[in-house]
Amino acid sequence: MTTNFYIPEDHAPLPPVGAEVLTTACDYCIVACGYKVYRWPLEKANGGLKAAENAFGIDFPSAPLQAWVAPAQHNVVMHQGKPHNIVIIPDKDTKYVNRNGDSSMRGGLIAQKVYNPATGTRDRLTQPMVRIGGTLQPVPWDMALEIAAAVGKHVIDKHGVSAYGVKTYSYQYIENTYAISKYALRHVNTPNFTFHDTPSDVTSTPGFRDAGFDNFGPSYDDWGSADTLMICGTDPYETKTVLFTQFIMPGVYRGMQTVILNPRETAGIAFLKKHGGLHLDVNPGTDNLVLGAISKVIMDKGWEDSEWINNWVNSKWESNSGFGQGTRNTPWQWRTTWGKFQTNGFEDYKKWVKGQKEYDPKYAAKIAGIDVDKIYKAAEMLAKPNKDGSRKKTSIGIEKGFYWSNNTGNTNAISSLATLVGAGGRPGRVVGRFGGHQRGGVKGGKFPRNKSPEKLPGRRRRALDTDRWLYSGHTRFAHVIGTTWIQAMSGSQGLQKKFWELTTANPHQVYSYDTQEIIDTLKKRADSGGMVVINQDIYLRDPIGAKFADIVFPAATWGEEDFMRANGERRLRLYQKFNDAPGQAKPDWWIISQLAKKMGFDGFDWKNSNEVAEEASRFSRGSRKDFHMIKIAAHKEGKTLHQKLLEFGTDGIQGPVVYNYDTGELVGTKRLHDTELEKDVAQLKKMGLEHGPKGANVLGKKMTHFNSQTGKINLQKHPWSLFSDFHEWLTPKDDELWFSNGRINEIWQSGFDDVERRAYVNQRWPENWVEIHPDDAKARGIESGDQVMMYSDRVVGVKDTILGIHGNDFQFSELMKNGHVELSKAAVTAVAIVTPAVKKGVLYANMMDMRQPSNSLTARIVDNISGNYNYKMGVSRIKKIGESQYKKEFRSFSFAPRNIV
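Report on the accompanying structure. (Residues numbered from 1 in each chain as written. Predicted model: local features only at pLDDT ≥ 70, side-chain atom pairs only at ≥ 80, totals over all residues. Heavy atoms only, no water.)

### A look at the pattern of salt bridges
Inspection of every chain in the model, using the stated rule, returns 64 salt bridges. With its nearest N and O atoms 2.6 Å apart, the salt bridge here joins Lys-113 to Asp-27. Here Lys-113, found in the loop between strand 4 (82-90) and strand 5 (129-132), pairs with Asp-27, found in the loop between strand 1 (20-25) and strand 2 (34-41); they are 86 residues apart in sequence, far enough to count as distant. Of the two residues, Lys-113 and Asp-27, neither departs from the other in class, the shared state being buried. Linking Glu-736 and Arg-877 is a salt bridge whose minimum nitrogen-to-oxygen distance equals 3.9 Å. A residue pair is termed long-range when its members are at least 10 positions apart, and Glu-736 in the loop between helix 27 (721-730) and strand 25 (737-742) and Arg-877 in strand 30 (residues 874-883) qualify at 141 residues. The pair Glu-736 / Arg-877 is uniform in exposure class, with both members buried. (Salt bridge = Lys/Arg side-chain N within 4 Å of Asp/Glu carboxyl O. Helix = DSSP H or I, 4+ residues; strand = E, 2+ residues; numbered from the N terminus. Buried < 20%, exposed > 50% of the residue type's maximum accessible area, 1.4 Å probe, protein only.)

If you want it as structure tokens, here you go:
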């Protein structure tokens, strides 16, 4: 018996002189390193080793930091119907982002994601399919679209727009997200809509939104130019590698201190600790307590940035101003003017923090499971003035491990701490997200909040919870685009069971090849309380597509169409098309346009992706990635938006983009909330804004101020009591352990490109895995390499849609008392990795192994203020069920700890 094995290739062709050169960017993490694509026909001779014989113009073997090609950076694709070689390598000549041509594990393998039937990509979806007799059968586009439109229209006409659900990605490419949201929100106009990572259309960081901070205001340079950098809920090395190696690491070598909030020590954290970093290894969900205690120490010591606070913090009157006395129509309005969070400025916040017993450092440290001295040390590193009295430059970055564990409380607390230490929009003094996905979202319509049945106490509505709406049987037509809805949500095994009940278990199943009979059968299913599912994706995902979809639309993706989007510092680039899409696969914007026209909607007559982008440009105005002026400049020069953006190559340009009408220059915005920009006459002159905005330019408030009604910061409370009853109930009992999950460097998202289709990564991580502390493992007789089962009978979830009447109706203890909560069971298997890198009392698993989704064990309880899940919160028992085949054969898996420097 043998495990998976991978024998690597040992050579790759060099591109010849004259090979076409196109530009793109990595399709994976938020950093979006620039890449060059070299393409030449298969019949043309490859490049030679001499400088005059290859496209790089250098002799091989090449010197360090010169161009070179690894076997994994080569592939063969179809271009205009003929086979071509491609080589995809980092652009080492770019001025920004990836300045030396490095790559992460993910980006270095990106050429392997391109469709080639001789590789693991051979199972790409290539034609539309309809489920007939339980099997997906290929059909023409027109037939599949006709069925989808007829059933969709029927559901809307008979059951209302709320019965038509759309679950889609938020991050992909601007052309696609604009088309999808225009269709769903402006034309179908359904409140049954949300993105891939939320059960409702809600902000991921409510505290940032309410304080006035943009998630992606900082530039990458800022992350390495602070005196102290606080990192919450992530290891940027694991998940944003080049951001860590090219910006944070040089800062550390220069002397930048770091404070890390994370229950797990990984390679990046180990490096930071080696260089004096302070690791606060908190228990899951206790970040709020630790941050409140740090803030209390800072204020007790008088270390807050008084000048910044005096200039930039709203009083109560200021945060109320501009809203009138009527209904607060949006969540950020009612949250910021609601007594639970609103303060009357700094002194009121200081008084409140001092009055909360849970922010006593000893109490906070006890619940968080850390040494109390770390709280005092963190306060000193973040805020204690220098010996000469000058202030430290402090920056704070957060990511999902932080804001998906007490969503409102944590993000409010970190916003308040950032305000105390003066982190705003100044160089090296920033606050924001490090990021996960690249930012390709532009909404083509507004969410119809007035249609949502989710009533909060008072005259307030929250976005519809699509999971609970489906659980309640109200979703009759589910249109799922580019997301593994089931595995990605909390309590995922329960969600999968409900999908099965509404689709496969419904008596109305298709057995006819006649289009009208198929339509009639699916209508009957919807009318009987069942559900019809469309899945739009590049691979057939299990179970959403493979088991439950009635119609499957094959999508084209990266490299198969001209697309645009931004990275984590709002840097916009054009991702050029360089190969044909497989079979009949079409980009999502095209699929949506054809479906919309069959539904009878107008405004979807786009001929190409550029036309979609140009229409979307005006909807980007005022946003963080405002690219409208690129189109204005392009049209002045007789070019398209895509053609103009292509001129910026892999450097791109940072949004919001402004246009200098005098010089004809397009100028990007280095950072948002730049409170010093108005004094920078030279920069304003370069932007053509020295006398205010000209022409179609928008000088958005967020460019020089904050995202609040006054342009100043709302200093918010962060009551532990809103979360404490849930945390206390969830806290492990008997032999339970905390359960959390996240990403690792080698695997992107659900592993659709790597674990499932790359031989090396599949060999490295052939199964689901879980990290367990040596003490916890010993007590349970578990060793590295053992096959284990993680299981729980306390997977908690809300079972219905709620109309809140009283102020605490959404509090967990009230939900329990009023019978809205149910407990279910879940179990997943994994291979154990015994390591001191994970905190004692905590299990840490792969975020989303598609075969054994760890979210099955996380609580399906939304944050009672924001409406988002706390995905990192769960409890589990764990037991050995045998030895895995990897325990003694060291070809697959590595059981060495990841916290090795």
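What follows continues from the structure just given.
### Observations concerning the pairing of strand 5
Side chains of strand 5 alternate between two faces, with Met-129 and Arg-131 and Val-130 and Ile-132 buried alike. Here strand 5 folds back onto strand 6 (residues 135-138) in antiparallel fashion, the turn holding two residues, of which Gly-133 has a positive phi close to 65 degrees. Of the strand pairs in this sheet, strand 5 and strand 19 (residues 551-554) are connected by two bridges, and their pairing is antiparallel. Note on strand 19: the bridge partner recorded for Val-130 is Ile-551. (Pairing = 2+ DSSP bridges.)

### As for the packing of helix 7 (residues 287-301) against helix 12 (residues 361-368)
Orientation of helix 7 relative to helix 12, taken along the N-to-C sense of each, is 155 degrees, at an axis distance of 9 Å. In terms of orientation, helix 7 and helix 12 fall into the roughly antiparallel class. Between helix 7 and helix 12 lies a crossing whose hand is left-handed. For the pair helix 7 and helix 12, the contacting residues are Leu-289, Val-290, Ala-293 and Val-297 in the first and Pro-361, Tyr-363, Ala-364, Ile-367 and Ala-368 in the second. (Axes fitted to C-alpha atoms, helices over the stretch in contact; angles between N-to-C directions. Parallel < 35°, antiparallel > 145°, perpendicular 65-115°, else oblique. Left-handed = near helix turned anticlockwise from the far one by under 90°. Contact = heavy atoms within 4.5 Å.)

### With respect to helix 7
In a regular helix each residue adds 1.5 Å, so 15 residues correspond to 21 Å; helix 7 covers 21 Å between its end C-alpha atoms and thus fits that length. Phi for Gly-302, located one or two positions after helix 7, is positive at around 70 degrees. (Expected span 1.5 Å × (residues − 1).)

### What about the sheet that holds strand 8 (residues 193-195)?
Strand order in the open sheet formed by seven strands is 6-5-19-18-17-7-8, with mixed pairing between adjacent strands. With partners counted over all chains shown, the strands left at the sheet margins are strand 6 and strand 8, one partner each. Between one strand axis and the next, the sheet turns by 20 degrees as a mean value, whatever way the strands run. Sheet analysis places strand 7 (residues 164-168) next to strand 8, joined by three bridges and oriented parallel. Bridge pairing links Val-166 to Phe-193 in strand 8. Relative to the sheet, helix 2 (residues 174-188) contacts strand 7, strand 8 and strand 17 (477-481), its axis offset from that of strand 7 by approximately 155 degrees.

These figures come from the coordinates and say nothing about function on their own.
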